[in-house]
Amino acid sequence: MRTSYKPLVERFNIPRATLIEWQKKSLSEKNNWRVKHLEYLRVQLIVDEETAEEVRAKAVLNEDLFVMCIYVFFYNIDTYVSKNEFKKGLREFALTPISGVEYQHDFAKKVWSLSLDGSSRKIVDYFRVFDVLERLTSAQYALVLNMVISFVDDVKHKLKIDKCKSLLDGKTWQELYAYDKAFSAKNIDEYFKKA
């Protein structure tokens, strides 16, 4: 029986040669940990596909993904965090006072887009993201968060950034333009449709 390893290689970054070796073990050693792990990964791919279909039905908007991506980007989140932790951190991020010329850039205006009680103080529009997070099951949330982290990793790789240090403070207009381009609605839409 021929097995396609491409989905496993792409999703889990396991070398194809390793997967072939594990498959050979599965023919002779049914209780080997590699065999069980390979089966688990195959099942996980199916579960991920079904969960992605469920998430599509929930209609997560581009604007919600943008806010999640920006939060993950600025706070260097690179592993799973619980939904409650994520919401708590997002609220703190959204309400963080901002000041400086960097926050007059179009990119900053997209992030801090909501006026607070008609004042000049701006916050991140996190309310819709909270509504989305409440509608997602744990598995759906985990899948969305993993996709967001993956998108942010790609952005950091393209921009040659290891970690963000202080929101937009001290950023040049060129850096802000690069952020604006990397986190554009088009890029987010294309990435998440493909993912």
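See the structure printed just above.
Just so it is clear, the structure is predicted and the values come from calculations on it, not from any experiment.

Peer 1: I'd like to hear about the pattern of salt bridges, residue by residue, with values.
Peer 2: Two side chains carrying opposite charge are able to pair once their charged atoms lie near each other. Applying the stated criterion across every chain, the model contains seven salt bridges. In this structure, Asp180 engages Lys110 in a salt bridge whose closest nitrogen and oxygen atoms are separated by 2.6 Å. Pair noted here: Asp180 is in helix H9 (residues 173–182) and Lys110 is in helix H6 (residues 106–111), with a separation of 70 residues, a long-range link.

Peer 1: If you had to explain the nonpolar core to someone new, which residues and values would you point to?
Peer 2: Counting 51 residues, the largest nonpolar core has Phe74, Phe86, Phe93, Phe107, Trp112 and Phe183 as its most contacted members. In contact with Phe93, not counting residues within four places along its chain, are Ile70, Tyr71, Phe74, Tyr75, Val111, Trp112, Val124 and Leu167. Of all hydrophobic cores here, the second largest spans eight residues; its members include Ile14, Leu19, Leu38 and Leu45.

Peer 1: Describe the packing of helix H4 (residues 62–74) against helix H5 (residues 83–94), listing the residues and the values that go with them.
Peer 2: H5 packs onto H4 with a crossing angle of 85 degrees between their chain directions and a minimal axis gap of 11 Å. As judged from the angle between their axes, H4 and H5 are roughly perpendicular. Contact with H4, carried on its side by Val67, Met68, Ile70, Tyr71, Val72 and Phe74, involves Glu85, Phe86, Gly89, Leu90 and Phe93 of H5 and no other residues of that element. Tallied by class, residues from the contact of H4 with H5 come to nine nonpolar, one polar and one charged.

The rules we used
- Residues numbered from 1 in each chain as written.
- Predicted model: local features only at pLDDT ≥ 70, side-chain atom pairs only at ≥ 80, totals over all residues.
- Heavy atoms only, no water.
- Salt bridge = Lys/Arg side-chain N within 4 Å of Asp/Glu carboxyl O.
- Helix = DSSP H or I, 4+ residues; strand = E, 2+ residues; numbered from the N terminus.
- Core = buried A, V, L, I, M, F, W, Y, C linked by side-chain atoms within 4.5 Å.
- Buried < 20%, exposed > 50% of the residue type's maximum accessible area, 1.4 Å probe, protein only.
- Contact = heavy atoms within 4.5 Å.
- Axes fitted to C-alpha atoms, helices over the stretch in contact; angles between N-to-C directions.
- Parallel < 35°, antiparallel > 145°, perpendicular 65-115°, else oblique.
- Nonpolar A, V, L, I, M, F, W, Y, C, P; charged D, E, K, R; others polar.

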